[in-house]
Amino acid sequence: AQERYAGLRDLPAQALCGTVISLHMNAGLMADLPSLPSSGAEGVGLFRTELQFLVRNQMPKRAELSALYARVVDAAKGKRVAFRTLDIGSDKVLSYMKPQDEPNPAMGWRAIRLGLDKPGVLRMQIQALIRAASGRHLTVMFPFIANPGEFRLARAEFNKAMERERILGHPLPSEVEVGAMLETPSLAFASYAFFREVDFLSVGGNDLKQFFFAADRENEKVRRRYDMLESSFLELLSGIVGRCASAGTPLSFCGEDAGRPVEAVALAAMGFRTLSMRPASIGPVKSLIRRVNLQEARKVIDDARIRGDESVRPALTDWLARQP
Ligand code: PEP
Ligand code: MG
C-alpha cells in the first residue's frame, strides 16, 4: 500500500481549492526516524518522549537523553521536531518509579501534573533538550495542560533552564518555540490571553475526545461509541480554530483521527492547516485531500450541523463518494 502513495511523496497536500495542508508525522523511538524522509512528512509534529523512558528499566541519565535527542534533531535535517515532554502517569508506569494507586489514572496524577509536582525529571529532560538543540531550532510542548497556570509554570521551568545554560556558557538553541497540547476541554475555553501567549497549540484529539465524551479511550466497550465527526465535537474544534485564528496562534492536530482520511478532510475543512499522524497515514490522507475542495467540504459539514445531524459523517462520506 505504501508504494501506491510513493508517487505522492514529494507533492504537497494541496486541496482543489488551493489550500495546502502541512502533514507531519508522530514518532517516539529512534526506529521511527527513517520514516521522516520516506513518508514525505514535513516534520515531526509529535515526538512522544515517554517511549524512550518506557523501554528502559532505569531512569535515563541526562547525558544519554541529550545524545539521543541530538540524534533525533540530526536525523530531522532541519525539519521541525515537536518534542513533547514526558507524558507518564499511573497508566504508563515506569518500572523504576513508585506506582500510584489511583482510581482514575487517565484523570489522575499524570503528564505535566507530575512534572510540576516532582520537577526533577522535567528539569533534567528540558536541560537535555536544550543541550541537544545547541545552535539549532528547538520545539517543546507540554502535555495535558488543563489551565494557563500550568503552562506558565512549565514555561518558567523552561526559561530557568535556558538561563542556567546561558550562565554556564553552553550554546543555546538558535530559536525556541514552547507550546501546549490541548487535550482537556477546559483549555479550549481558556482566556484569550493564554491563546496569545503560547507559541503554538497542538490538539491531542485522543485525550480531548475521551474527556469531551467521558468515554475511556482504553475501554473497548465505549471507545468507539462516539465519533470525532459528531457535531458537538466539531463545535468544540471550531471554537479552538477561531480562537487561534484571532490570536494568531499556530495550531495543529496530532491525535489518531488526523491519520484517518475522512477525519483529516473534516479537520482541514474546519480550518486546521497542520496535521500530525503516523507515517503510514500520510499517503492516504494526502491522496484524499488532493481530491477535494475544502470549501465545499466545509459547506457539507455546516449544512449537516445546521440540519441538526448528530454526526456529519453520513453527509461527508456521501459527498466524498460523489467526488471524482
Ligand atoms: C492525544 O491525546 O491525542 C495525543 C496525541 O497524545 P497521546 O495519544 O500520547 O495521549
Ligand atoms: Mg494525550
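Once a new chain begins, its residue numbering starts again from 1 and follows that chain's sequence as written. Chain labels run from A onward and ligand labels from 1 onward, assigned in the order the entries are written. Local features are withheld for residues below a pLDDT of 70 in this predicted model, meaning they are given only at 70 or higher, and side-chain atom pairs are given and counted only at 80 or more; totals for whole chains, interfaces and linings count all residues.

- Going by what an unreviewed UniProt entry lists, the protein chain is known as phosphoenolpyruvate--protein phosphotransferase and is assigned to Rubellimicrobium rubrum.

### Section: the overall build of the protein chain
Okay, so step 1: The helix and strand inventory of the protein chain stands at 14 helices and nine strands.
Okay, so step 2: The size measure is the radius of gyration over C-alpha atoms, and the globule rule it meets is 2.2 Å times the number of residues to the 0.38 power. Since a compact globule built from 324 residues should have a radius of gyration of about 20 Å, the 20 Å found for the protein chain is in line with a globular shape.
Okay, so step 3: The principal-axis extents of the C-alpha atoms in the protein chain amount to approximately 60 × 45 × 35 Å.
Okay, so step 4: A pair of residues counts as a contact when their C-beta atoms, built from backbone coordinates, are separated by no more than 7 Å. Long-range pairs, those at least 24 residues apart, make up 69% of the contacts in the protein chain with a sequence separation of at least 6. In DSSP terms, a helix is any run of H or I states spanning at least four residues, a strand is any run of E spanning at least two, and both are numbered starting from the N terminus.

### Digging into the site of ligand 1
Okay, so step 1: Neighbouring ligand 1 are the residues Leu 46, Arg 48, Asp 87, Glu 183, Gly 204, Gly 205, Asn 206, Asp 207, Cys 254 and Gly 255.
Okay, so step 2: Listed by contribution, the elements that provide at least two residues to the shell around ligand 1 are β3 (43-48) and α9 (205-212).
Okay, so step 3: A per-element tally of the shell around ligand 1 places α9 first, with three residues.
Okay, so step 4: For the shell around ligand 1, the per-class residue count stands at two nonpolar, four polar and four charged. For each residue, a C-beta atom is placed from the backbone, and the residue is labelled near a molecule or strand when this atom is within 6 Å of it. Three classes are used: nonpolar for Ala, Val, Leu, Ile, Met, Phe, Trp, Tyr, Cys and Pro, charged for Asp, Glu, Lys and Arg, and polar for all others, with Gly counted as polar.

### A few points about the packing of helix α3 (residues 62-76) against helix α5 (residues 119-133)
Okay, so step 1: Contact pair α3 / α5: the axes reach a minimum separation of 8 Å and the direction vectors enclose 45°. Comparing the axis directions of α3 and α5 gives the class oblique. Along this stretch, α3 crosses α5, giving a crossing that reads as right-handed. Facing α3, whose interface residues are Arg 62, Leu 65, Ser 66, Tyr 69, Ala 70 and Val 73, α5 presents Met 124, Gln 125, Gln 127, Ala 128, Leu 129, Arg 131, Ala 132 and Ala 133.
Okay, so step 2: Classifying every residue of the contact of α3 with α5 by side-chain character gives nine nonpolar, three polar and two charged. Geometry is summarised by axes, namely lines fitted to C-alpha atoms with helices restricted to the contacting stretch, and by angles between N-to-C directions that run from 0 to 180 degrees. Note on angle classes: values under 35 degrees are labelled roughly parallel, values over 145 roughly antiparallel, values of 65 to 115 roughly perpendicular, and the remainder oblique. Here a crossing is called left-handed whenever its near helix is offset anticlockwise from the far helix by less than a right angle, and right-handed whenever the offset is clockwise.

### Observations concerning the pairing of strand β4 (residues 80-84)
Okay, so step 1: Exposure classification rests on a simple neighbour count of other C-beta atoms within 10 Å of a residue's own: a residue reaching 20 or more is buried, one at 12 or fewer is exposed, and one in between is partly exposed. C-beta atoms are placed from the backbone. Counting buried positions over the five residues of β4 gives four, a clear majority of the element.
Okay, so step 2: In this description, strands pair whenever DSSP reports at least two bridges between them. Note that β3 and β4 share four bridges and pair parallel. Pairing of Phe 47 across the sheet is with Phe 83, part of β4.
Okay, so step 3: Here β4 runs beside strand β5 (residues 137-142); their pairing, made up of three bridges, is parallel. The residue of β5 that forms the bridge with Phe 83 is Val 140.

### Examining unusual backbone geometry
Okay, so step 1: The backbone of Ala 111 sits at a positive phi, close to 50°, despite the residue not being glycine.
Okay, so step 2: Along the chain, Ala 111 turns up in helix α4 (residues 111-117).
Okay, so step 3: With a phi close to 50°, Ala 214 is a non-glycine residue in the positive phi region.
Okay, so step 4: In this fold, Ala 214 is placed in the loop between α9 and α10 (231-247).

### Side note on α9
Okay, so step 1: Counting buried positions along α9 gives six out of eight residues, so the element sits mostly inside the fold.
Okay, so step 2: By the burial criterion, the buried members of α9 are Gly 205, Asp 207, Leu 208, Lys 209, Gln 210 and Phe 212.
Okay, so step 3: Those residues of α9 that are buried lie in contact with β6 (175-182), α7 (185-188), β7 (201-203), α10 and β8 (251-253).
Okay, so step 4: Positive phi appears at Ala 214, one or two residues downstream of α9, with a value of about 50°.

### Digging into the environment of Ser 38
Okay, so step 1: Tracing the sequence through the fold places Ser 38 in helix α1 (residues 35-39).
Okay, so step 2: Classification of Ser 38 by C-beta neighbours within 10 Å gives exposed; the count is 12.
Okay, so step 3: Residues Ser 38 and Ala 297, 259 residues apart in the sequence, show an inter-C-alpha distance of 29 Å.

### Quick look at the environment of Thr 249
Okay, so step 1: Summarising the element assignment, Thr 249 is placed in the loop between α10 and β8.
Okay, so step 2: Once residues lying within four places of it in the same chain are set aside, the contact partners of Thr 249 are Phe 195, Val 198, Phe 200, Leu 201 and Cys 244.

### Describing the packing of helix α11 (residues 261-270) against helix α13 (residues 294-307)
Okay, so step 1: Interaxial distance between α11 and α13 falls to 8 Å at its minimum, and their mutual angle equals 95°. Put simply, α11 runs roughly perpendicular to α13. Only Leu 294, Ala 297, Arg 298 and Ile 301 of α13 make contact with α11, whose side of the interface consists of Val 265, Ala 266, Ala 268 and Ala 269.
Okay, so step 2: Here the residues of the contact of α11 with α13 sort into seven nonpolar, no polar and one charged.

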